[in-house]
Amino acid sequence: MSEYLPSPPSPSPTTKQEMWDLRFLSMARLVASWSKDPSTKCGAVVVNGRRIVLGLGYNGFPRNMKDNEELYQDRETKLSRVIHAEMNAILNSSSSTQGSTLYTTLEPCNRCAVHIIQAGIKKVVTPMSYDRWPESFDYFKEAGVEMVLYPPLPHHMYM
């Protein structure tokens with residue numbers, strides 16, 4: 001477990017910021033449902049300081065490439081083609097992501113972490129999961145990216 005694990009906020013929103021965080025995490029969950037990947041559905045939302053959505057993304061194949069079901073069934077093919085939700089949200093952003101916040105349904109992998117940092121995103125909000133990517137937390141700490149981890153919440157608690 002990484003040393004850079006901030007204390008999670010309360011599972012019940014108590015501040016205006018926690019309320020907004022849960023709303024955008026809920027939006028990321030909706031966006032995740034658009035993924036055709038049968039095994040992993042991840043969604044991401046990039047938001048600026050005025051709470052305006054800049055970009056949305058889910059894990060899937062690039063535009064104009066075949067994305068039929070059998071390509072998702074072959075793990076090697078799937079992994080070679082998939083763009084992660086975080087990258088799609090950054091690439092789909094309507095304006096600069098400098099100083100923005102990224103909300104994602106899964107903790108970012110180490111490759112997404114370095115792209116998040118390079119995109120100038122200053123805050124990442126995600127539900128806690130299984131600490132599969134401890135390097136990501138270390139990278140964010142080194143680069144001064146704030147991490148906010150929420151406990152995994154039941155569907156009805158997202159607003």
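Computed from a predicted model, the values in this text were never measured in an experiment.

Caption draft 1: How the structure looks around the pattern of salt bridges. The final tally for this structure, using the stated rule, is two salt bridges. One salt bridge connects Lys78 with Asp37, and the closest N-O pair in it is separated by 3.3 Å. Of the two residues, Lys78 is situated in helix H3 (residues 75–81) and Asp37 in the loop between helix H1 (16–32) and strand S1 (43–47); the sequence distance between them amounts to 41 residues. The residues Lys78 and Asp37 share a single accessibility class, namely buried.

Caption draft 2: Region of the structure containing the nonpolar core. Ranked by internal contacts, the top residues of the largest apolar core, which has 21 residues, are Leu102, Ile116, Ile121, Val124, Phe140 and Met147. Broken down by secondary-structure element, the contributors of at least two residues to this core are S1, helix H4 (85–91), helix H5 (110–118), helix H6 (134–143) and strand S5 (146–150). No other element matches H4, which puts four residues into this core. With 10 residues, the next largest nonpolar core counts Phe24, Tyr103, Val125 and Tyr150 among its residues.

Reading the values: the criteria
- Residues numbered from 1 in each chain as written.
- Predicted model: local features only at pLDDT ≥ 70, side-chain atom pairs only at ≥ 80, totals over all residues.
- Heavy atoms only, no water.
- Salt bridge = Lys/Arg side-chain N within 4 Å of Asp/Glu carboxyl O.
- Helix = DSSP H or I, 4+ residues; strand = E, 2+ residues; numbered from the N terminus.
- Buried < 20%, exposed > 50% of the residue type's maximum accessible area, 1.4 Å probe, protein only.
- Core = buried A, V, L, I, M, F, W, Y, C linked by side-chain atoms within 4.5 Å.

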